[in-house]
Amino acid sequence: MGFRGVLLPRKTGGARAVPEPRDAEEQLHPVPAEVHEVFSHTLQLLHEQHLLEAHAELMMMEHLRDDILSQLHFRGLSSAQATVLSYFGGLQELNESLAKQLWDIVGNSLRLVREDPVLFVTAVRIIEREEKIDDALLLEATFLPPGRPKGWRQKFYHVLQQTITGAHFHAACMDAEGPGLARHLAALQKGIVSELRVVKDLMVQCVPAHYNILSICTATYHQALTSHLQDILREDLDKQALFLLLEWALRVYHSPEMMGHPDLLPEVDVSALGPLMSPELVDQTERKYVVKVKASVLEWMQRTLEVEFKEWFREEEPETDHQGFFQSALPVIVMQMLNENIQVAALITDSLQQKVYNMALEELEAFLGRLREALVQCGKEHQKDRTIPKYYVSYLLAMLNNNLALSSSVSSLHPDTARREVPTSLQAALDRTQKKACQLLLEELLLDLQPLCLQLPSRKWLSGSQLVNSMCEVIDKYAKDFSHVRKPIFTLLLMESELLVVSQYLRALMQKKMVCKSEEERGQLCNRLLQDAMQLQELFCGLGLDRSQQSLEAVFALRELICLKDPALLSLEVLGFITKYPDVSDEHITTLLDLRGDVSREVRHMVLEMMVQHPQVLPKSYRPIFSTILVPAPELPFCLRKGKCA
C-alpha cells in the first residue's frame, strides 16, 4: 500500500491544512524513491562533517514524515503510521549519527573553542534549531511526533558536565598519600583555572547568552570537586594528606591562585555555591587529623622520654644553663613539638587550632604522668644500689628545673594571647611531677639523716654537739646540690628539708629511748635542745630560709615543756603548746611527759583531761609537724598463761 492509499481528503476546521487527495498524491507519489536518496546524501554529508547541510536535509525529511503522521493522526488512521515509519526508518540512524558527532564535538569543546570554534558553533546552532522545533511542538500540544522532544540542549549540558567530571575526577589509581595527593590537587588547581579561563574568554562567545555557560561550568567543577573530596576522605589518610585536603578546600580553593584568580574575576563567583566541604565534613576531617597528630605526638614524646631516662644513668652530670642550673633538652623538645603542631593547625581554621591545642594539653598531661612513673622507676633502681644512677640527685634537680620550664611555657601554647591561664588538671599534673621529684630528693636526704637520728636521744648526745654537727654537714651538702635548681624550687626544697629535719629530730625524741633521771639531766636535755635548735636555725638562715619559713620553733616550744620547773604548771604550758601545734596528740604529750621523768600520775591525768576539754581544729594554712610522727605503742605487761596480769 503506497502513500496514495494513506492520504485522505481534507477535513476543515483543523489546526493544520492537509493537501487535497489529488495534490497530496501528486506530491507524495515520488517520496519512497526520493527518501532513500536523501538518506544516502545526508549520511554522506555527515561523514564529510557538513553538519549544517546534513541537518537541513534531516529536518526536511523529519518535517515530511511528521506532516504525514500528523494527518494520519487527525484522520484517525493510526494503524497506517507503522507503514509511514517504515518508509522513514533511516531517520533514526541519521539522528543517531548526527547526535554522536554533536556530542563528540561538545566533549571536545574546550579544545575546539581554541582550535576550531566554527565546528563547535555549528554544533550549538544545530542544537538550538532542534530546541526551537521542540518548543514549537510542545507549544502546539496537539501531536507529538516520535523522538520528540529531543532535549538536545539538556544533553549538551549533560555531555559537557560529564566531560569535565571524567577529565579530572575519575582517576582510577590516584595516590591518596602525601606527595601523590599534593600532585593531584596541584593538577586539579591548574587544570580547572586553565579551563575556566577558556570558558570565560572563548566559549561564552560561541554559545547564546542564555546558556549561562560560565556559571554552568563553574557549578559543575564545584559540585564535582565536592564529591571528589568526599571520595578521597573515605580513605584512611595520614595526617599530611588530611592537612592537604583541609588547606586546599578551605584556603587554596578560594584564593587568588584558584577560583579567586584575577583572570577569572569578577565573572567567576563560587560564593553562592556553598562550601566545598560542609561544616560537618570539615569538623569530621579536623577530628581525623587531630587523631593522627595525637598518635604522632604520643610516639615522639615516648621516644623523648626513653632518651631522657637513659640520660639519667649517664656517668656525668646533666648539662647546665648559663646560670649553673641543671637542665636537659626535654622541655624544649616537648614544647617545640606541641607548639609547631598548634601553629600548623592555625594555617587552616581557628577550630582546628583549638582542637590541636586541647589535644596538646591532654598529651602533655599524659606525658607528665609517664614522666612520674619513670622517676619512680629510677628511684627503685637507686634503692637497690645507691651508686646507680651515679648523679641521681643532680638529675632529679634537672627534672625539677625542666618541670618549672614546662610550667612557665604552657601558657604560651594558647592560641588566644588574652587567655593564657593553665588548665587546672594540667597544673595539677605539673604539681604532682614536682612533688614526686621533691619527694625522691627528700627520701635521699632522709637516708643520710636516719643513721644520725638513730643516735638520739642518748646520754652521749647530751654531752656534746658532734651529732648535730654531722647533721648540719649532711644538710649543707644537699643545700649545695639544691643551688643548681631555680629559686622557687630551691626555697621549697629548703623548707621541706628543714621540716624533714625537725620531724625526724622530734620523732627521735619520742621513741621512748630515754627518761631523765634527775633535774640535772633535765637541765642537760634542755641545754642540748636549745643548742641543737639554734645551730640548725642558724644553718637554715644562712642558706637563705627565713625564720618565718622554718618549723624549728617547735623544738624551742617542746624544750619549754621539758624545762618547766614546776610540773603543776604543765597543764597551762601544754595548753599553749597544743594551741600553737594543733596536730599534737595525747600520745605525743604523754611521751614528752615521760621524757621529763618527774610527772606524777595525777598531773598527767590533769593534763590529758585539759586536752579533752580543749579540742583543736587545724587551720587551713597550718603545716603539719606532729601528725607525721608515730609514737611507739606502750609495752604491755608480761602475763602468765591462765594467770592475772601483774
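Residues numbered from 1 in each chain as written. Predicted model: local features only at pLDDT ≥ 70, side-chain atom pairs only at ≥ 80, totals over all residues. Heavy atoms only, no water.

**Here's the deal with the overall build of the protein**
Reasoning step 1: Summing up its helical and strand segments, the protein has 24 helices and 2 strands in all.
Reasoning step 2: Scored against the burial criterion, the 646 residues of the protein give a buried share of 46%.
Reasoning step 3: Carbon and sulfur atoms form 54% of the exposed surface of the protein, whose accessible area is close to 33000 Å². (Helix = DSSP H or I, 4+ residues; strand = E, 2+ residues; numbered from the N terminus. Buried < 20%, exposed > 50% of the residue type's maximum accessible area, 1.4 Å probe, protein only. Areas by Shrake-Rupley, 256 points an atom, 1.4 Å probe, with all protein chains shown as cover.)

**What about unusual backbone geometry?**
With the exception of glycine, the majority of residues adopt a negative phi angle, and the majority of peptide bonds are in the trans configuration.
Reasoning step 1: Here the amide bond leading from L265 into P266 is cis, since omega sits at 0°, within 30 degrees of zero.
Reasoning step 2: Position of P266 among the secondary structure elements: in the loop between α11 (239-252) and α12 (279-311).
Reasoning step 3: The linkage connecting I388 with the following residue, P389, adopts the cis geometry, with an omega of -10°.
Reasoning step 4: For P389, the location among the structural elements is in the loop between α14 (350-384) and α15 (392-410).
Reasoning step 5: Its identity is not glycine, yet N212 carries a phi of approximately 50°, on the positive side.
Reasoning step 6: Locating N212 in the fold gives a position in the loop between α9 (178-201) and α10 (213-233).

**Digging into helix α22 (residues 570-580)**
Reasoning step 1: Along α22, the positions that sit buried rather than exposed are L570, S571, V574, F577 and I578. Relative to the axis of α22, the buried residues are bounded by an arc of 120° and lie together on one face.
Reasoning step 2: Buried residues belonging to α22 abut α21 (553-563), α23 (586-596) and α24 (601-613). (Arc of directions from axis to C-beta. Contact = heavy atoms within 4.5 Å.)

**A look at the state of the cysteines**
Reasoning step 1: Going through the model one piece at a time under the given rule, you end up with 1 disulfide.
Reasoning step 2: Each sulfur in the disulfide pair C526 and C563 lies 2.1 Å from the other. One end of the pair, C526, is in helix α20 (residues 519-543); the other, C563, is in helix α21, and 37 residues separate them in sequence.
Reasoning step 3: Classification of C526 by relative accessible area gives buried; the value is 5%. (Disulfide = S-S within 2.5 Å.)

**Things to note about the packing of aromatic side chains**
Reasoning step 1: Taken as a whole, this structure holds 14 aromatic pairs when the rule is applied.
Reasoning step 2: Through successive ring pairs, a cluster of aromatic residues spans F120, F156, Y157 and Y211.
Reasoning step 3: It is K150 that lies over the ring of W152; its NZ or CZ is 4.8 Å from the centre.
Reasoning step 4: When the ring centre of Y478 is taken as origin, the NZ or CZ atom of K477, which lies over that ring, is 4.6 Å away. (Phe/Tyr/Trp six-rings, centres within 6.5 Å; stacked < 30°, edge-to-face > 60°. Lys NZ or Arg CZ within 6 Å of the ring centre and 35° of its normal.)

**Description of the pattern of salt bridges**
Reasoning step 1: All told, the structure shown has 33 salt bridges when counted by the stated rule.
Reasoning step 2: A salt bridge links D231 to R234, with the shortest nitrogen-to-oxygen separation between them at 2.4 Å.
Reasoning step 3: Using a relative accessible area of 42% as the deciding quantity, one classes D231 as partly exposed.
Reasoning step 4: In this structure, a network of salt bridges that share partners links the residues E62, E130, D134, R148 and K150. (Salt bridge = Lys/Arg side-chain N within 4 Å of Asp/Glu carboxyl O.)

**Let's talk about empty space enclosed by the protein**
Over the atoms, a rolled probe matching the size of one water molecule traces out where space is still vacant.
Reasoning step 1: Summed over the entire model, instances satisfying the criterion amount to 1 cavity of 30 Å³ or more.
Reasoning step 2: Counted as a void, the largest cavity has a volume near 30 Å³.
Reasoning step 3: Along the walls of the largest cavity sit W312, L375, C378, Y392, Y395, L396 and M399, which together make up its complete lining.
Reasoning step 4: Contributions of two or more residues to the lining of the largest cavity are made by α14 and α15. (1 Å grid on protein atoms, 1.4 Å probe; cavity = no way out; pocket = protein on both sides within 12 Å on 5 of 7 lines; lining within 4 Å. Points joined across faces, edges and corners; volume = space filled by probe spheres on them.)

**Quick notes on the side chain of R522**
Reasoning step 1: Secondary-structure assignment places R522 in helix α20.
Reasoning step 2: Classification of R522 by relative accessible area gives buried; the value is 12%.
Reasoning step 3: Within polar-contact distance, the side chain of R522 engages the side chain of D598 at 3.3 Å.
Reasoning step 4: When residues no more than four places from it in sequence are discounted, the contact partners of R522 are C516, I562, R596, G597 and D598. (Polar contact = N/O pair within 3.5 Å; in protein donor to acceptor, adjacent residues only side chain to side chain.)

**Details of the side chain of Q189**
Reasoning step 1: Mapped onto the elements, Q189 comes out in helix α9.
Reasoning step 2: Here the side chain of Q189 touches E257 through a polar contact of 3.2 Å, landing on its backbone oxygen.
Reasoning step 3: If we ignore the near neighbours within four places in the chain, the residues touching Q189 are W248, V252, E257 and M258.

**Focus: the environment of V393**
Reasoning step 1: By the element assignment, V393 lies in helix α15.
Reasoning step 2: For the pair V393 and L441, spaced 48 residues apart in the sequence, the C-alpha separation amounts to 6.5 Å.
Reasoning step 3: If sequence neighbours within four positions are ignored, V393 has contacts with L441, E444, Y478 and D481.

**Some remarks on the confidence of the model for the protein**
Parts of the model with low pLDDT should not have their predicted coordinates read in detail.
Reasoning step 1: Predicted confidence across the protein gives a mean pLDDT of 88, with 89% of residues reaching 70 or more.
Reasoning step 2: Confidence, expressed as mean pLDDT per element, reaches its minimum in the protein at helix α1 (residues 21-28) with 39 and its maximum at α12 with 97.
Reasoning step 3: Every residue in residues 1-30 scores below 50 in pLDDT, and together they form 46 contacts with partners more than four places removed in sequence or on other chains.
Reasoning step 4: Under a pLDDT of 50 for its full length, residues 638-646 has, in the predicted model, 1 contact with residues more than four places off or in other chains. (pLDDT = per-residue confidence, 0-100.)

**Considerations on the environment of L506**
Reasoning step 1: The residue L506 is located in helix α19 (residues 487-509) in this model.
Reasoning step 2: Here L506 falls in the buried class, since its relative accessible area comes to 0%.
Reasoning step 3: For the pair formed by L506 and I625, sequence separation is 119 residues and the distance between their alpha carbons is 9.1 Å.
Reasoning step 4: Each residue touching L506, except ones within four places of it in the same chain, is listed here: A554, V555, L558, I625, F626 and I629.

**Side note on the packing of α22 against α23**
Reasoning step 1: α23 packs onto α22 with a crossing angle of 135° between their chain directions and a minimal axis gap of 12 Å. Between α22 and α23, the crossing angle belongs to the class labelled oblique. As α22 packs across α23, the resulting crossing turns out to be right-handed. Contacts from L570, V574, F577 and I578 in α22 reach I589, L593 and R596 in α23.
Reasoning step 2: Within the contact of α22 with α23, the residues separate by chemical class into 6 nonpolar, no polar and 1 charged. (Axes fitted to C-alpha atoms, helices over the stretch in contact; angles between N-to-C directions. Parallel < 35°, antiparallel > 145°, perpendicular 65-115°, else oblique. Left-handed = near helix turned anticlockwise from the far one by under 90°. Nonpolar A, V, L, I, M, F, W, Y, C, P; charged D, E, K, R; others polar.)

**Describing α24**
In an α-helix, one turn spans 3.6 residues, which is why side chains three or four residues apart end up on the same side.
Reasoning step 1: In a regular helix each residue adds 1.5 Å, so 13 residues correspond to 18 Å; α24 covers 18 Å between its end C-alpha atoms and thus fits that length.
Reasoning step 2: For α24, every residue scored as buried is listed here: V603, V607, M610 and M611. Viewed end-on, α24 has its buried residues packed into an arc of 100°, placing them on one side of the element. Facing away from the buried side of α24 by more than 90 degrees, the exposed set consists of R601, E602, H605, V612 and Q613.
Reasoning step 3: Buried residues along α24 sit in contact with α22 and α23. (Expected span 1.5 Å × (residues − 1).)

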